[in-house]
Amino acid sequence: MLLLEMKRQLCTKYVLYSILGILIITIGLNLIIVSDKKDIGSSLQEEAVYEGDIKEENLLLALRKVRDEKSEDRRYSSQVFIINSLVNNYPGFLYTENKIEDYPDEYATEFYQCWRNKFEFLIENKLPTKEQQTALNKLNEVKTPFIRYPGYYLYYTALDNIQVIFIMILFLVTFFASGTYSESFEDGSMEIIMTTKNYKKNMIIRITPVIFYGILLTLIATLGTVGMVNSVVGFKALKSSFKMISLFSFGNFSIGQGIMIMVLAEIVGIFALSTLMGCISLKTKKTTIAIGIGVSLSVFYMIGSSFVSIPVIKYLLNAIPMASSDILSSMAGFSISFGLWEPCAIIFEVLITFILFFIVLTVLLQKEIKYNYKD
Amino acid sequence: MELRIDKVTKQFKDLKAVNNVDLNFTQGIWGLLGPNGAGKTTLMRMMVGNLKPSKGEIYFDGHTISSLGDKYLDRIGYLPQHFGYDKNQSVEDFLHYIGCLKGIDKVTRHKRIVDLLEQFNLSDVKHKKIDKLSGGMKRRVGICQAMLNNPDILIVDEPTAGLDIEERRRFRQYLATISKEKIVILSTHIVSDVEFIANYLILMESGEIIETGESNTLINSIDGMVFESVVKDEEMNILEQKYRIVNFHNEGDGNVRIRYIANSPLKNSKLVKPNLNDFYLSKVKGVK
Amino acid sequence: MDIFVSELKRQMRAKRFILYILIAIILGGLWAWFIIGGRTEGFMMTGCYKELKGMEAIETAAKDRNIYAGEMTVDNFQRSCEVFLDSIKEKDGESDIIMNDELLKLAVYADTLIMQDYRLKKMFGDDNLDSWFPRDFGSHFYENEELYYQKLIDINTKNQAEKELALKMWNEVEKPYTYYGGFEVWRDGVEHIQIFGFVLLIMVGFFSSGIIAKDKECGLDEIISTTSGGRRKLLFAKLFIPIIMGLLIYTVGMGTYIGILKHFLPANALKTSIQVCGGATILPYSLGDLIGKMILFGTIGVITIAAFTTFVSSKANKASTAMSIAVLMIISGFLLCLKGVSDNSSIMKTISCILPGSVSFAGLWFGMVQIVSIFGKAMLFFKFHLFISILIFFISLMMTSWNYVRR
């Protein structure tokens, strides 16, 4: 039955077009990154000289070469770029130099200590007091040295692209899931399905194709992006520390693992969204109304999360499945939520949403079944 | 007044839904009979201008309906197979809306709607949402909207589908009443719908016209070919292969009374007067 | 006309009409409350006006800042420069700003000077970044502005035509600049016009998606198309009802929002030059002009999305399909415009222009130097976006007409 339901829901023009659409958007967005870097080959070779662990002595050498000898050699400038992040990420906090000529040797010789000092400073100044201790504990768990492989910087834009596509995917899933039950009510086929023996089973498995559809699109977007970027910089770049994307972030994961966290969050979001939309679809019995509610909820998150900083409202917003597509900004920051690293808290909240709405959906289906005297 | 279908063909990709159809409609009720998928709806949709023929032309009083445009549409009334309406509109609002689209001025429209609601026993429910009405009432609203502009040509597609016997009878009665000085084309696969009211019959199968003419003439064309006989139950299989059995009734004791069409009857058969059902079944699948 | 009214009555039946209008009004009200009610004021993290919130904070800050409001003369800049530098106290190698009444009154000037200093240093690579500006810095404010913008134009233009247009725009900027207290809240309010417009755009998409597709879905179209008025005459209603409803939703929603802002915020603050409002721009507009332009973009965006969704509705057999496509277009437009600005990618910007309704976010092209060359002719990017949108609007109308009459 599952296969038949999958076939019924997935072998449609909508699915085909959305797969093509996501593929085109993925290629289109990433082509902009890739096409700009046609002559990157020699740079990558240069950068490869100091690939792997970021060592303070190498940073010092690079700083001296660039600052004092005005070297434009890529092998050095690419390392000074990391020191730049120390100063320019969260400008105005602790280190205020804006020109490389002003950077003291200390930024290189004691890079990790400087990084820790600034991170602690940021935690003390940007986080509420009650969250500071947890944040400091998280900071202590971060292992040094950081790792870097040539071309990792292409992932700045690539990760942004994945995030934009993930948002679109969640909207596509919203549209797709909105018809889970309502379409059968609208076309009258529910009348027939309700009279069958496996009605209950059919009702429950209806969300499976939606989840499959969402995961499929997520994989297309992720693999497409990673594939295109890797075609230029190679797979090694994925092993670079996520700190290279955001220096002041928690955890010891690489860019590749960061992408996996994004994918995991998106998949959890898809699960939650599928059940949530399933409930709405079942309750409203009208696809257009279900779309309206689903879209409003996601737009509410998009706008609310950008402007509201009140913790209670933030917790509520993070429970909306759309929050899962926004995990990159949480990963790049150092916020604590519910005493947890924010990305974990978001995934946890969205997971609760999934469980909650799965229960609600089951209850609603039971009621529907009882209503139809089928139990 | 004459509606002429001239060598009309409608092709959908690899399916010929209507194939080289020639027909000439004059005043009276025309029953368009045929099994499901015969092409009746496609033909009707072409007659109302909702589909363009792939080949051939449809003429109204000597002019192609495409050249007549709105003038032609002003003279037709159409009730499609699936009668669609706005769920949020009441009966009266819906009729006003369609009347307005038909270009009927407000005063005339109002009078006409009152008359039609009265005629079709819908006055009591005129403020009700159409969605809340019974199937029969909905169909009556459907015929009301088709009649709003007092059309010269009324085209109704499977109007009795899903209606109970009483509603079907009533519907036939309505059609008979309103058909004076009009061309009424009624498509159906239910023979009894047209048996007593159609002046003319058209039989369609696989997109082609297989018979057309006056009802009585067509029915009489199989006079002397319809018989009734009592046979043994076990003979049925063999008989079904040899004859076109149009009806049968279990008489008990292993006997079955059959009504069949044949050129040479079985022994002990009784010749009976043919009806439309006999004619339809004899033509649609052919006499065996 | 009879058909138009009849269709209008059907589409805008009381319950549905009231729901849309009510949602627009409530959102407009909440949005304005969010802008005004949540407002706090301050200067350089000094904690002035710390206890105040909402209108109280706005009024108190505006009262202080209005002492030197109006034309921002060089004398006032110089005065603010001196007052600001005098208020800095060095302690343990760190500098603290000690607030005083005079600095509060000159806060806008000081803020503008600090911003100019930062920009100049960024652009020209000044060595003294960790030191404050010189004591006579204020007296050279407009010369420095000239210097900065000339360089900005040089960097951000690709050919002579673009450069000439950019210089023309910059030269039209009224100098000295003008400001009136309360402009900061207005500036936030103006930025939110686009975001609120985005929500209203989705509402318009929702409404328009069913205009034709719903008739097809329920089978009513089969009857409508056999009536004499069911094609050409009804087309007019089908084309313009979504536009009218879209404009109504936008007017009511945005009207409530702007109305509340206008009621509570000082009107003269709208005369403030946008160069004072934070971001660098070469455009010669005041905040009031900016609101007008944003609303124009929003209006064009609304009619474009209404027309486009009607076209989709005429092609789709289900209202839900039309709704999904419309929403996806609006969301994509919004995201790609933001991405176009953040990545400064011309490809992204061009793609976002093509998406129907994205012109509502054309205000994003007001910052820095956003100029595009078409066949050697330079054009402000927002005008190009506007042009593309109007084109999409007419193309959508034509395509819908073609589909509807020939169905």
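In this text the structure is predicted, and so the values were computed from the model without any measurement.

In this structure, what is going on with the side chain of Asn-50 of chain B? I would like to understand it.
Position of Asn-50 of chain B relative to the elements: it lies in the loop between helix H1 (40-47) and strand E4 (55-60). For Asn-50 of chain B, a relative accessible area of 10% puts it in the buried group. In this structure Asn-50 of chain B touches Arg-45 and Tyr-78 of chain B together with Glu-222, Ser-225, Thr-226 and Arg-231 of chain C, once residues within four positions along its chain are discounted.

Any chance you could explain the side chain of Gln-79 of chain A here in plain terms?
Residue and element names in this part refer to chain A. One can find Gln-79 in helix H5 (residues 74-88). Given the relative accessible area of 1%, Gln-79 is considered buried. Every residue in contact with Gln-79, bar those within four places of it in the chain, is listed here: Tyr-50, Asn-58, Leu-59, Ala-62 and Arg-148.

For this particular structure, what's the right way to read the sheet that holds strand E12 (residues 244-252) of chain B?
Hydrogen bonds along the backbone pair up the strands of a sheet, which may run parallel or antiparallel. All names here are of chain B. A sheet is described by the order of its strands in space; here four strands give the open sequence E12-E13-E11-E14, paired in antiparallel fashion. With partners counted over all chains shown, the strands left at the sheet margins are E12 and strand E14 (270-271), one partner each. Bridge count for E12 against strand E13 (residues 255-261) is seven bridges, and the pairing is antiparallel. Looking at the pairing, Arg-244 lines up with Ile-261 of E13. Helix H11 (residues 276-284) contacts strand E11 (226-232), E12 and E13 of the sheet and is inclined by roughly 125 degrees relative to E12.

Just to check I follow, could you spell out the pattern of salt bridges for this structure?
Pairing between side chains becomes possible if they bear opposite charge and their charged atoms approach one another. Considering all chains together, one arrives at 37 salt bridges over all chains under this definition. Across the pair Glu-228 of chain B and Arg-257 of chain B runs a salt bridge whose closest N-O atoms are separated by 3.8 Å. Here Glu-228 of chain B, found in strand E11, pairs with Arg-257 of chain B, found in strand E13; they are 29 residues apart in sequence, far enough to count as distant. Owing to a relative accessible area of 32%, Arg-257 of chain B belongs among the partly exposed residues under this scheme. Via salt bridges that share partners, Asp-86 of chain B together with Glu-7, Arg-10, Asp-215 and Lys-238 of chain C belong to a single interconnected network.

Is there a simple way to think about the environment of Lys-293 of chain C in this case?
All names here are of chain C. Inspection of the secondary structure puts Lys-293 in helix H13 (residues 287-315). On a C-alpha basis, the gap between Lys-293 and Gly-363 in space is 7.9 Å, while along the polypeptide they are 70 residues apart. Those residues in contact with Lys-293 that sit more than four places away from it in its chain are Tyr-285, Phe-366 and Phe-382.

Teacher, can you tell me more about the pairing of strand E3 (residues 28-33) of chain B here?
A regular strand places its side chains on the two faces of the sheet in alternate fashion. Residues and elements named next belong to chain B. Here E3 lies mainly inside the structure; six of its six residues are buried. Across six bridges, the pairing between E3 and strand E8 (residues 183-188) is parallel. Residue pairing across strands places Leu-32 opposite Ser-187, the latter belonging to E8. Strand direction decides the pairing type here: E3 and strand E9 (residues 200-205), joined by four bridges, are parallel. Within E9, the position partnered with Leu-32 by the bridge is Ile-202.

It is not clear to me how the interface of chain C and chain A should be interpreted in this structure. Could you clarify?
Between chain C and chain A, the residue contacts involve 32 residues of the former and 27 residues of the latter. Between chain C and chain A, the buried area comes to about 2,500 Å², and carbon and sulfur atoms account for 78% of it. Between chain C and chain A we count one salt bridge in total. The shortest N-O distance in the salt bridge between Glu-183 of chain A and Lys-318 of chain C comes to 3.0 Å. At the boundary of chain C and chain A, one finds two residue pairs in polar contact (both at pLDDT 80 or more). Of all the elements in the fold, those that place two or more residues in the side of chain C that touches chain A are helix H2 (14-37), helix H6 (107-124), helix H9 (183-209), helix H14 (319-343) and helix H15 (346-354) of chain C. Take the side of chain C that touches chain A: its biggest share by element is 13 residues, from H14 of chain C. Of the residues that constitute the side of chain C that touches chain A, the class distribution is 19 nonpolar, six polar and seven charged.

Could you clarify how one ought to interpret the sheet that holds strand E10 (residues 208-214) of chain B in this entry?
All names here are of chain B. Across the sheet, which stays open at both edges, the six strands sit in the order E6-E7-E8-E3-E9-E10 with mixed pairing between neighbours. Because the sheet does not close on itself, it has two edges, and the strands there are strand E6 (76-79) and E10. Shown here is a sheet whose adjacent strand axes are inclined to one another by a mean of 15 degrees, direction ignored. Relative to strand E7 (residues 153-157), helix H7 (residues 165-178) is tilted by about 165 degrees, and along the sheet it contacts E3, E6, E7 and E8. In the packing of H11 onto the sheet, contacts are made with E3, E9 and E10, and the angle to E9 comes to roughly 30 degrees.

Would you mind going over helix H1 (residues 2-10) of chain A with me for this structure?
Spacing of three or four residues puts side chains on the same side of an α-helix, whose turn is 3.6 residues. Residues and elements named next belong to chain A. Within H1 the residues assigned to the buried category are Glu-5, Met-6, Gln-9 and Leu-10. Relative to the axis of H1, the buried residues are bounded by an arc of 110 degrees and lie together on one face. Across H1 from its buried face, at more than 90 degrees, point the exposed residues Leu-3, Leu-4 and Lys-7.

Calculation notes
- Residues numbered from 1 in each chain as written.
- Chains lettered and ligands numbered in written order.
- Predicted model: local features only at pLDDT ≥ 70, side-chain atom pairs only at ≥ 80, totals over all residues.
- Heavy atoms only, no water.
- Helix = DSSP H or I, 4+ residues; strand = E, 2+ residues; numbered from the N terminus.
- Buried < 20%, exposed > 50% of the residue type's maximum accessible area, 1.4 Å probe, protein only.
- Contact = heavy atoms within 4.5 Å.
- Pairing = 2+ DSSP bridges.
- Axes fitted to C-alpha atoms, helices over the stretch in contact; angles between N-to-C directions.
- Salt bridge = Lys/Arg side-chain N within 4 Å of Asp/Glu carboxyl O.
- Buried area = accessible area lost by both parts, 1.4 Å probe.
- Polar contact = N/O pair within 3.5 Å; in protein donor to acceptor, adjacent residues only side chain to side chain.
- Nonpolar A, V, L, I, M, F, W, Y, C, P; charged D, E, K, R; others polar.
- Arc of directions from axis to C-beta.

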